[in-house]
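The lines below spell out each chain.
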Amino acid sequence: MTPKEENTFRALKDEPLLATNPIRCFLGWHKWTKYGDPRRTPSSMYIRQGRFCAACNCYDERKITE
């Protein structure tokens, strides 16, 4: 079964989807989602925002100083 078929069945059963890892992501060319809502942790002086790659689910984060 291909990963696309497996993800179709998982979506129908409300299970988490498998992350696919295309060659572009291996080369570092990710397809990023938009940055999420800013969040602050009590122990940090930074505000952080995160985003994920739509293809391989890789996580990226940026820090914003005040």
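Enquirer: Outline the packing of aromatic side chains, supporting the account with residue identities and numerical values.
Expert: Inspection of the entire model under this criterion finds one aromatic pair. Both rings, one in F52 and one in Y59, keep their centres 5.0 Å apart while their planes meet at 55°; by these two values the pair is tilted. With a relative accessible area of 38%, Y59 lands in the partly exposed category. Over the ring of Y35 we find R62, and its NZ or CZ is 3.8 Å from the ring centre.

Enquirer: An account of a nonpolar patch on the surface is requested, with residue identities and associated values reported.
Expert: A cluster of nonpolar residues, I23, F26, L27 and W29, forms a patch on the protein surface that exposes about 540 Å² of accessible area. Assignment of secondary structure puts I23 in helix α2 (residues 23–26).

Enquirer: Give me the sheet that holds strand β2 (residues 47–52): which residues, what numbers.
Expert: In sheet architecture, strand pairing relies on hydrogen bonds along the backbone and comes in two forms, parallel and antiparallel. Across the sheet, which stays open at both edges, the three strands sit in the order β1-β2-β3 with antiparallel pairing between neighbours. The two strands at the open ends of the sheet, each matched to only one other strand, are β1 (39–40) and β3 (59–64). Pairing analysis gives six bridges linking β2 to β3, with the strands arranged antiparallel. Considered in β3, the bridge of F52 is made with Y59.

Rules and cut-offs
Residues numbered from 1 in each chain as written. Predicted model: local features only at pLDDT ≥ 70, side-chain atom pairs only at ≥ 80, totals over all residues. Heavy atoms only, no water. Phe/Tyr/Trp six-rings, centres within 6.5 Å; stacked < 30°, edge-to-face > 60°. Buried < 20%, exposed > 50% of the residue type's maximum accessible area, 1.4 Å probe, protein only. Lys NZ or Arg CZ within 6 Å of the ring centre and 35° of its normal. Patch = residues over 30% accessible without salt bridge, like charges linked within 9 Å, V, L, I, M, F, W, Y side chains within 5 Å. Areas by Shrake-Rupley, 256 points an atom, 1.4 Å probe, with all protein chains shown as cover. Salt bridge = Lys/Arg side-chain N within 4 Å of Asp/Glu carboxyl O. Helix = DSSP H or I, 4+ residues; strand = E, 2+ residues; numbered from the N terminus. Pairing = 2+ DSSP bridges.

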